[in-house]
Amino acid sequence: MRTTASRGQRADTAPLREPVAGEIEHSTEAIYGAAKVACEQAVGDDAFICRAGLIAGPEDPTGRFAYWPARLARGGEVLAPGSPEDAVQFIDVRDLAQWIVHAAESGLVGIYDGIGPIRTRGGFLSECASALNASCTFTWIDRAFLEAHDVRRWAGPRSLPMWLPLPDYAGFLTRDTSPARAAGLTSRPPGDTARDTLDWLNAVNGPVVGLTAEDEKDVLAAWHARQL
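The sections below set out a description of the structure shown in this document. (Residues numbered from 1 in each chain as written. Predicted model: local features only at pLDDT ≥ 70, side-chain atom pairs only at ≥ 80, totals over all residues. Heavy atoms only, no water.)

Notes on the overall build of the protein
Definition in use: Only runs of H or I of at least four residues qualify as helices and only runs of E of at least two qualify as strands under DSSP, and these elements are numbered from the N terminus. Accessible area is worked out with a 1.4 Å probe on protein chains only. A residue is then buried under 20% of its type maximum, exposed over 50%, and partly exposed in between. Every residue pair with non-hydrogen atoms within 4.5 Å of one another is taken to be in contact. In this description, accessible areas are obtained by the Shrake-Rupley approach with a 1.4 Å probe, and a residue is regarded as covered only by the protein chains that are shown.
Tallying secondary structure elements over the protein gives 8 helices and 10 strands in all. Counting every position in the protein, which comprises 228 residues, the buried fraction comes to 43%. Once local pairs closer than 6 in sequence are excluded, the contacts in the protein between residues at least 24 apart make up 79%. Accessible surface, the protein: about 11,200 Å² in total, of which carbon and sulfur atoms supply 54%.

Some points on the nonpolar core
Here is the rule we go by: What makes a nonpolar core is a set of buried Ala, Val, Leu, Ile, Met, Phe, Trp, Tyr and Cys residues whose side-chain atoms join them at distances within 4.5 Å.
Of all hydrophobic cores here, the largest spans 35 residues; its most connected members are Trp68, Leu79, Phe124, Ile141, Leu146, Leu160 and Met162. For this core, the secondary structure elements donating two or more residues are helix H2 (67-74), strand E3 (76-81), helix H4 (121-131), strand E8 (136-141), helix H5 (143-148), helix H7 (190-204) and helix H8 (213-227). Among the elements that make up this core, the one with the highest residue count is H4 (4 residues). If near-sequence neighbours (up to four positions away) are discounted, Leu160 is found in contact with Tyr67, Trp68, Leu79, Pro81, Leu146, Val151, Arg152, Arg153, Trp154 and Leu211. Counting residues in hydrophobic clusters, the runner-up holds 9 residues, among them Leu96, Trp99, Leu108 and Ala183.

Topic: the environment of Ser187
The line we're drawing: We call two N or O atoms a polar contact when they sit within 3.5 Å, provided that within protein one can donate a hydrogen and the other can accept it, with sequence-adjacent residues counted only if both atoms are side-chain atoms.
Within the secondary structure, Ser187 sits in the loop between helix H6 (178-182) and H7. Distance in space between the C-alpha atoms of Ser187 and Leu96 is 8.4 Å, their sequence separation being 91 residues. At 3.1 Å, the side chain of Ser187 forms a polar contact with the side chain of Arg181.

Looking at empty space enclosed by the protein
For clarity, the cut-off: Here a cavity is any set of points on a 1 Å grid over the protein atoms alone where a 1.4 Å probe fits but cannot get out, and a pocket is any open set with protein on both sides within 12 Å along at least 5 of 7 lines; a residue lines the site when it has an atom within 4 Å of a point. Grid points are joined across faces, edges and corners, and a volume is the space filled by probe spheres set on the points. Note on residue classes: Ala, Val, Leu, Ile, Met, Phe, Trp, Tyr, Cys and Pro are nonpolar, Asp, Glu, Lys and Arg are charged, and everything else, Gly too, is polar.
Counting across every chain of the model gives 2 cavities of 30 Å³ or more. Its volume calculated, the largest cavity comes out at about 50 Å³. Lining the largest cavity we find Phe90, Ile91, Asp92, Asp95, Gly116, Pro117, Arg119, Ser187 and Arg188. Among the residues making up the lining of the largest cavity, the classes are represented as 3 nonpolar, 2 polar and 4 charged.

Notes on the pattern of salt bridges
To keep things clear, this is the line we draw: One speaks of a salt bridge when a side-chain nitrogen belonging to Lys or Arg is within 4 Å of a carboxyl oxygen belonging to Asp or Glu.
Across all of its chains, the model carries 12 salt bridges by this definition. A salt bridge links Arg71 to Glu216; the shortest N-O distance between them is 2.8 Å. Remark: Glu216 occurs in helix H8 and Arg71 occurs in helix H2; sequence separation between them is 145 residues. Residue class for Glu216 comes out buried when judged on its relative accessible area of 3%. Here Arg175 makes a salt bridge to Asp113, at a shortest N to O gap of 3.1 Å. Highlighted residues: Arg175 in the loop between strand E10 (159-161) and H6 and Asp113 in strand E6 (residues 110-114), separated in sequence by 62 residues. Residue classification places Arg175 among the buried positions, given a relative accessible area of 3%.

Given below as structure tokens:
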């Protein structure tokens, strides 16, 4: 639906994929985007269209965000992907839901990116660790090394959630959300989302999906051995 390599795109001006027409054989990502375009076109112009980004917060079983508060709470040396300046972007599910209700009640019309502000990965991790009272140090490891050691992107087993290789996905986590902000979307501090997500994980023994503690230890050991 959206191009993923261009930074700073916004919902009302970004180029779209061609809508899906009948049966097509492409990647899951291509089909997903094309189907969403077709749905938007079917709705028409006189509607509120929210293109949600990465949704985070309590009760999310995917681990795409929950991995980080769970990992930070353990403290110690944390494997961090890429560099501290890399961008991350997400929205707390409660903030998104509140805004969608507001949009319905106020009759808001238009196309918007429903996602929070752009943050640096270093700032995000540090703020979350502080909110959790966790003592952490961060070891930043580049894409080539991570991929060589089968550390996967974004979500799922053996992944580092919220990590997408650059420059391929530079635009995915750098959306210009100023139109949504002007239309009432607000975002709570990431530390609040991290703390509430961890509370939920602890209360229900919720799933933590991503790189295991043992896998992380092995990758860090290999990284440090490389530096000798």
